Amino acid sequence: ESRVNVKGRGNSSWKFPKKPLRLKFDEKISLLDMHKDKSWVLIPNYSDKSMLRNRLAFYMSSISNMDYTPESHFIDFTFNGKYWGTYLLCEKLKIAKHRVNVGDDGFLFEIDSRASGEADSRYFAVPHLENVVNIKDPEVQYGDANYNYAKDFVNKADQALFSSNFTNLATGWQAYMDMDSFVDWYLIQEIGKNLDGFYDTICFMHLTRGGMLMMGPMWDMDVAYGNMSQANQTCYDPKGFYIKYVKWYTRLFKDPSFVKRVKERFNYFYRHQNDILAYINADAQYLKYSALENNNVWHLLNVKTWPNYNIWGSYQNEVQELKVWFTNRMEWLKTQFDQM
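The rules behind each value
- Residues numbered from 1 in each chain as written.
- Predicted model: local features only at pLDDT ≥ 70, side-chain atom pairs only at ≥ 80, totals over all residues.
- Heavy atoms only, no water.
- Core = buried A, V, L, I, M, F, W, Y, C linked by side-chain atoms within 4.5 Å.
- Buried < 20%, exposed > 50% of the residue type's maximum accessible area, 1.4 Å probe, protein only.
- Helix = DSSP H or I, 4+ residues; strand = E, 2+ residues; numbered from the N terminus.
- Contact = heavy atoms within 4.5 Å.
- Pairing = 2+ DSSP bridges.
- Axes fitted to C-alpha atoms, helices over the stretch in contact; angles between N-to-C directions.
- 1 Å grid on protein atoms, 1.4 Å probe; cavity = no way out; pocket = protein on both sides within 12 Å on 5 of 7 lines; lining within 4 Å.
- Points joined across faces, edges and corners; volume = space filled by probe spheres on them.
- Nonpolar A, V, L, I, M, F, W, Y, C, P; charged D, E, K, R; others polar.
- Polar contact = N/O pair within 3.5 Å; in protein donor to acceptor, adjacent residues only side chain to side chain.
- Salt bridge = Lys/Arg side-chain N within 4 Å of Asp/Glu carboxyl O.
- Parallel < 35°, antiparallel > 145°, perpendicular 65-115°, else oblique.
- Left-handed = near helix turned anticlockwise from the far one by under 90°.

(A) Seen up close, the nonpolar core. Of all hydrophobic cores here, the largest spans 94 residues; its most connected members are Phe109, Tyr199, Tyr225, Trp248 and Tyr249. Ranked by residues supplied to this core, first place goes to helix 8 (residues 315–338) with nine residues. For tyrosine 199, the contacting residues outside a window of four places in its chain are Ile111, Leu129, Glu130, Asn131, Phe182, Trp185, Met215, Val246, Trp248 and Tyr249. Ile29, Met34, Leu42 and Ile75 belong to the second-largest nonpolar core, a separate cluster that totals 13 residues.

See the structure below:
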């Protein structure tokens, strides 16, 4: 038991009946054996009827070279005496020793198309990014030392990436951007063909002062892995590149050393397909009864909810569709990367 403040969160997800929530406790506490902290989030997975896609992305991140993956647990959530259904209890992204560990003077960024419309945002533009970069943590003010350091560093990275000698190890992009995180973040997003992964919103980067710019943490992939129709029909098709056409990644793919590492790391994920599918199966089995109770509240399995591509009619069918899409996606990508 502990005192806690509960508030709404999210952007498009806030419009749905099943609300995303943020928990902020008066003191640091451990929930379900996760590291102590005051701040947590409850993810409703309303648009993802399998409720597995965010956890799938987190699992892929956890077996990758990403330096931090948010911990999470499925829970049945009761609020003010009312059962709200199945939620994913998750660590909130923030700078902390056991979360985004960039030290006391590091930065957590979000590439965010909505930042310009939010009063508390502190953002800057970068010539070759699709959207502005919002400094999520720490709190800064326009023109102060931290703001200027962050803005200058990311813009220098952009300048190096698009310079004439961008493949030079000493002066090119690798002097500013961490190869491993940029490769593995790309692959997890590309495998999922995540609509939000197109440097539009909820794309996070972090920077340790004196270090290099790193992609991640992974976050918010409920409209990935084939769960997307209306906004972008191509995201349902397991064939076709998507994240590869982000401006930074289009440029990175012109560096043979980057392509070589992408191929190596994709083959790593490809070899772990059975582990990934087993993880999906284990989570689906764990949620078997909770998913039914969730549907008794929200009645989603037989209706089309944005941005679902189709109605699959049962929880088991939703899980099976996810696995089939994932397998088809991996086979298509394998063919493409083998030809590079």
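(B) Spotlight on unusual backbone geometry. With an omega of 0 degrees, the peptide bond between aspartate 137 and proline 138 qualifies as cis. Mapping proline 138 onto the fold places it in the loop between strand 8 (133–137) and helix 2 (145–161). Going from glycine 216 to proline 217, the amide bond is cis rather than trans, its omega being 10 degrees. Structurally, the position occupied by proline 217 is in the loop between strand 10 (213–215) and helix 4 (247–252). In this structure, tyrosine 199 is a non-glycine residue whose phi angle is positive, near 50 degrees. With respect to the element layout, tyrosine 199 can be found in the loop between helix 3 (179–192) and strand 9 (203–207). Of the residues examined, tyrosine 199 reaches a relative accessible area of 0% and is grouped as buried.

(C) Summary view of the sheet that holds strand 5 (residues 82–91). With respect to topology, five strands assemble into an open sheet ordered 1-2-3-5-4, the strand pairing being antiparallel. The open sheet is flanked by strand 1 (4–8) and strand 4 (72–79), the only strands paired with a single partner. Neighbour-to-neighbour, the strand axes of this sheet turn through a mean angle of 30 degrees, independent of strand direction. Inspection of the sheet shows strand 2 (residues 21–29) paired to strand 3 (residues 37–43) by five bridges, in the antiparallel sense. Across the sheet, residue lysine 24 finds its bridge partner in strand 3, namely serine 39. Against the sheet, helix 7 (residues 288–298) makes contact with strand 4 and strand 5, and its axis sits at roughly 125 degrees relative to strand 5, the strand it touches most.

(D) Empty space enclosed by the protein, seen in detail. This structure, assessed with the given rule, holds two cavities of 30 Å³ or more. Of the pockets and cavities examined, the largest cavity occupies roughly 100 Å³. Arg53, Tyr225, Gly226, Asn227, Tyr236, Asn308, Tyr309, Asn310, Trp312, Glu318, Glu321 and Trp325 together form the lining of the largest cavity. Looking at which element gives the most residues to the lining of the largest cavity, the answer is helix 8, with three residues. Of the residues contributing to the lining of the largest cavity, the split by class is five nonpolar, four polar and three charged. The computed volume of the second largest cavity comes to approximately 70 Å³.

(E) Main features of the side chain of aspartate 37. Among the secondary structure elements, aspartate 37 is positioned in strand 3. Since its relative accessible area comes to 4%, aspartate 37 is described here as buried. Only 3.0 Å separates the side chain of aspartate 37 from the backbone nitrogen of serine 39, close enough to count as a polar contact. Polar contacts involving the side chain of aspartate 37 include one to the side chain of lysine 94, which spans 3.0 Å. With sequence-adjacent residues up to four places away left out, aspartate 37 is seen in contact with Glu27, Lys28, Ile29, Lys94, Ala96 and Arg99.

(F) Main features of the pattern of salt bridges. Tallied over the full model, the rule gives 13 salt bridges. In this structure, lysine 94 engages aspartate 37 in a salt bridge whose closest nitrogen and oxygen atoms are separated by 3.0 Å. Of the two residues, lysine 94 sits in the loop between strand 5 and strand 6 (107–111) while aspartate 37 sits in strand 3, which places them 57 residues apart along the sequence. Between aspartate 180 and arginine 261 there is a salt bridge, with its nearest N and O atoms 2.4 Å apart. Note that aspartate 180 is positioned in helix 3 and arginine 261 in helix 5 (residues 256–271), a separation of 81 residues in sequence. Among the residues examined, aspartate 180 registers a relative accessible area of 30% and is labelled partly exposed.

(G) Quick peek at the sheet that holds strand 9. Reading across from one edge, 7-8-6-9-10 is the order of the five strands in this open sheet, with antiparallel pairing throughout. Each end of this open sheet is capped by a strand with a single partner; those strands are strand 7 (123–124) and strand 10. Pairing analysis gives two bridges linking strand 7 to strand 8, with the strands arranged antiparallel. Paired with phenylalanine 124 across the bridge in strand 8 is valine 133. Across the sheet, helix 3 lies against strand 9 and strand 10, angled at about 20 degrees from strand 10, the strand it touches most.

(H) Representation of the packing of helix 3 against helix 5. Put simply, helix 3 and helix 5 touch, their axes get as near as 10 Å, and they point 55 degrees apart. Regarding the angle of helix 3 to helix 5, the classification is oblique. Of the two elements, helix 3 crosses helix 5, and the hand of that crossing is right-handed. Residues Met179, Asp180, Phe182, Val183, Asp184, Tyr186, Leu187, Ile188 and Ile191 of helix 3 pack against Ser257, Phe258, Arg261, Val262, Arg265, Phe266 and Phe269 of helix 5.

(I) Examining the pairing of strand 6 more closely. Burial within strand 6 is extensive, with five of its five residues counted as buried. Burial along strand 6 is two-sided: Phe107, Phe109 and Ile111 and Leu108 and Glu110, pointing in opposite directions, are all buried. Examined bridge by bridge, strand 6 and strand 9 share five bridges and lie antiparallel to one another. Looking at strand 9, one finds that glutamate 110 is bridged to phenylalanine 204. Bridge count between strand 6 and strand 8: four bridges; the pairing is antiparallel. When the bridges of strand 8 are listed, isoleucine 111 appears paired with valine 133.

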